[in-house]
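Remarks on the overall topology
Chain residues, written in single-letter form:
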Amino acid sequence: DAICASSACVEGACAEAKRSIGESCTFDNSCSTNKCGYNSYSTDASAVCCERDYYSMFTFSTDGWPTTDIRKFCQDRPIGTLCGVTDAICASSACVEGACAEAKRSIGESCTFDNSCSTNKCGYNSYSTDASAVCCERDYYSMFTF
């Protein structure tokens, strides 16, 4: 920034101004907010200038990311935004079944991930082949089935 007459170094070159919220970016310094992150938890997501802050977390190549690395994700994302299992990405602080939701699921509601439940506990409602995974009131017991 210091060597540019405009004080705006964007993507490694002098520019008239820094990039605005929602515009594509590679570096924090390219953004007027100094925050560049993915706009959702998806391998197809774009890196954009975040409105406020971002949340840094590990992503894994086994989940489809190009490499296992720390990536930054814009926070305060709206309902419906893909969030993996990370509440910090969502404005509502509720990542449910992989997308930002209004609230976590209640006891007895269906679930796939612990993180989807208000109790942070998702387990089978009985020891049966036709049991369903639901949000548990208390802790659950893990066992192997053969």
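If you're wondering where the values come from, they're calculated on a predicted model, not measured in any experiment.

1. Description of the environment of Ser 128
With respect to the secondary-structure elements, Ser 128 resides in the loop between strand 9 (122–124) and strand 10 (133–135). In the structure, Ser 128 is positioned 33 residues away from Cys 95 in sequence and 29 Å away in space, judged by C-alpha atoms.

2. Structural notes on the pattern of salt bridges
Counting across every chain of the model gives five salt bridges. For the salt bridge of Asp 28 with Lys 72, the shortest nitrogen-to-oxygen distance reads 3.0 Å. Pair noted here: Asp 28 is in the loop between strand 2 (13–14) and strand 3 (36–38) and Lys 72 is in strand 6 (residues 69–74), with a separation of 44 residues, a long-range link. Lys 72 sits in the partly exposed class, given a relative accessible area of 26%. Put simply, Asp 53 and Lys 35 hold a salt bridge, and the shortest N to O gap is 3.3 Å. Here the residue Asp 53 occupies a position in the loop between strand 4 (47–49) and strand 5 (54–59), and Lys 35 occupies one in the loop between strand 2 and strand 3, the gap between them amounting to 18 residues.

3. Some points on the nonpolar core
Formed by Tyr 41, Met 57, Trp 65, Phe 73, Cys 83, Ile 89, Cys 90, Cys 95 and Cys 100, the largest nonpolar core amounts to nine residues. Contacts of Tyr 41, omitting those with residues within four sequence positions, involve Met 57, Thr 59, Asp 63, Trp 65, Phe 73, Leu 82, Cys 83, Gly 84 and Ile 89.

4. Quick word on the state of the cysteines
What we call a disulfide is simply a covalent bond connecting the sulfur atoms of a pair of cysteines. Counting across every chain of the model gives eight disulfides. With its sulfur 2.2 Å from that of its partner, Cys 31 forms a disulfide with Cys 49. Given an S-S torsion of about -80 degrees, the disulfide between Cys 31 and Cys 49 has left-handed geometry. With a gap of 18 residues between them, Cys 31 in the loop between strand 2 and strand 3 and Cys 49 in strand 4 connect regions that are remote in the sequence. Side by side, Cys 31 and Cys 49 carry an identical accessibility label, which is buried. Here Cys 50 is linked by a disulfide to Cys 74, with a sulfur-sulfur distance of 2.1 Å. Measuring the twist about the S-S bond at about -80 degrees, one finds the Cys 50-Cys 74 disulfide to be left-handed. Taken together, the residues span a long stretch of sequence, with Cys 50 in the loop between strand 4 and strand 5 and Cys 74 in strand 6 at a distance of 24 residues.

Criteria and thresholds
Residues numbered from 1 in each chain as written. Predicted model: local features only at pLDDT ≥ 70, side-chain atom pairs only at ≥ 80, totals over all residues. Heavy atoms only, no water. Helix = DSSP H or I, 4+ residues; strand = E, 2+ residues; numbered from the N terminus. Salt bridge = Lys/Arg side-chain N within 4 Å of Asp/Glu carboxyl O. Buried < 20%, exposed > 50% of the residue type's maximum accessible area, 1.4 Å probe, protein only. Core = buried A, V, L, I, M, F, W, Y, C linked by side-chain atoms within 4.5 Å. Contact = heavy atoms within 4.5 Å. Disulfide = S-S within 2.5 Å.

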